[in-house]
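Architecture and fold: a report
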Amino acid sequence: MEIAVSRKAHFNAAHRLHVPLWTDEENFAFFGNCNNKNYHGHNYDLIVTVIGEVDPISGYLIDMKQLSTWIKQEVEDAFDHKNLNLDCDEFKNLNPTAENIAVVIWNKLRSKIPTHLKLKVILYETERNFVEYNGN
Ligand code: NI
């Protein structure tokens, strides 16, 4: 019996979407306001879902206190109130799109969560725009 448990998290961060290979005009035409030279912020909402078998002894899938600590350390402490392009090594050479941020978060959490459990992250960049990544 597979079951999924999820925890929500939140962080505010600034970014600029920009492809160095493209001209300024091409970047603005493609990314619009997200290409703004002086950056801009988003209120990111994150849903972290862990999937697997419930431990028959404890009745837990995963200790949510432990999961919340990993999310705080790997995501909130790393990205909250940061400029993703300038402050975060992960995005020095990686465009901080919602897609790429979701993959980075998944990789960071994957290294913490026990390997017998599956992991999925959903990252909302706005209330209406969100991306989902499960490692595939
Ligand atoms: Ni943006």
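Not measured: the values here are computed from a predicted model.

Bringing the overall build of the protein into the picture now. In terms of helices and strands, the protein carries four helices and five strands. Counting from the amino terminus, the protein carries its helices and strands in the arrangement β-α-β-α-β-α-α-β-β. Across its three principal axes, the protein shows a C-alpha extent of roughly 60 × 25 × 25 Å. Among the 136 residues that make up the protein, the fraction classed as buried is 41%. Here the analysis covers contacts within the protein between residues at least 6 apart in sequence; of these, 65% occur between residues at least 24 apart. In the form shown here, the protein has an accessible surface area of approximately 8,200 Å², with 51% of it arising from carbon and sulfur atoms. In the protein, which carries 14 positive and 19 negative side-chain charges, the distance between the mean positions of the two groups comes to 3 Å.

Glancing now at the coordination of the nickel ion. The nickel ion binds to the protein through His15 (NE2), Cys34 (SG), His40 (NE2) and His42 (NE2); the donor distances cover 2.1 Å. Of note, the donors binding the nickel ion are all from one chain and are spaced H-x18-C-x5-H-x1-H. Separated by 19 residues along the polypeptide, His15 in strand β1 (residues 2–15) and Cys34 in the loop between α1 (24–31) and β2 (40–53) bring together distant segments of the chain. Each member of the pair His15 and Cys34 is classed as buried.

Here we take up the sheet that holds strand β3 (residues 82–83). Taken in spatial order, the five strands line up as β3-β1-β2-β4-β5 in an open sheet, and their pairing is mixed. Across the chains shown, the open sheet's two edge strands, defined by having one partner strand only, are β3 and β5 (130–133). Note: β1 against β3, two bridges, orientation parallel. Of the residues in β3, the one forming a bridge with Ala14 is Asn83.

Another aspect to go through is the pairing of strand β4 (residues 118–124). Two faces, one strand: in a regular strand the side chains alternate between the faces of the sheet. When β2 meets β4, the two strands line up antiparallel, connected through seven bridges. Residue pairing in the sheet places Leu46 in a bridge with Leu123 of β4. Sheet topology note: the β4/β5 ladder contains four bridges and is antiparallel. Paired with Tyr124 across the bridge in β5 is Phe130. Taking the residues that link successive antiparallel strands as the turn, the β4-β5 hairpin has five residues.

Although it is not a glycine, Tyr39 adopts a positive phi angle of roughly 70°. Relative to the helices and strands, Tyr39 resides in the loop between α1 and β2. Looking at Tyr39, the relative accessible area reads 25%, which means it is partly exposed. The residue His81 is not glycine, and still its phi comes out positive at about 60°. Assessed through its relative accessible area of 62%, His81 is described here as exposed.

Here is what the cut-offs are and how they apply
- Residues numbered from 1 in each chain as written.
- Predicted model: local features only at pLDDT ≥ 70, side-chain atom pairs only at ≥ 80, totals over all residues.
- Heavy atoms only, no water.
- Helix = DSSP H or I, 4+ residues; strand = E, 2+ residues; numbered from the N terminus.
- Buried < 20%, exposed > 50% of the residue type's maximum accessible area, 1.4 Å probe, protein only.
- Contact = heavy atoms within 4.5 Å.
- Areas by Shrake-Rupley, 256 points an atom, 1.4 Å probe, with all protein chains shown as cover.
- Lys, Arg positive; Asp, Glu negative; His and termini not counted.
- Charge placed at Lys NZ, Arg CZ, Asp CG, Glu CD.
- Donors = N, O, S within 2.8 Å, 3.2 Å for Na, K, Ca; no water.
- Pairing = 2+ DSSP bridges.

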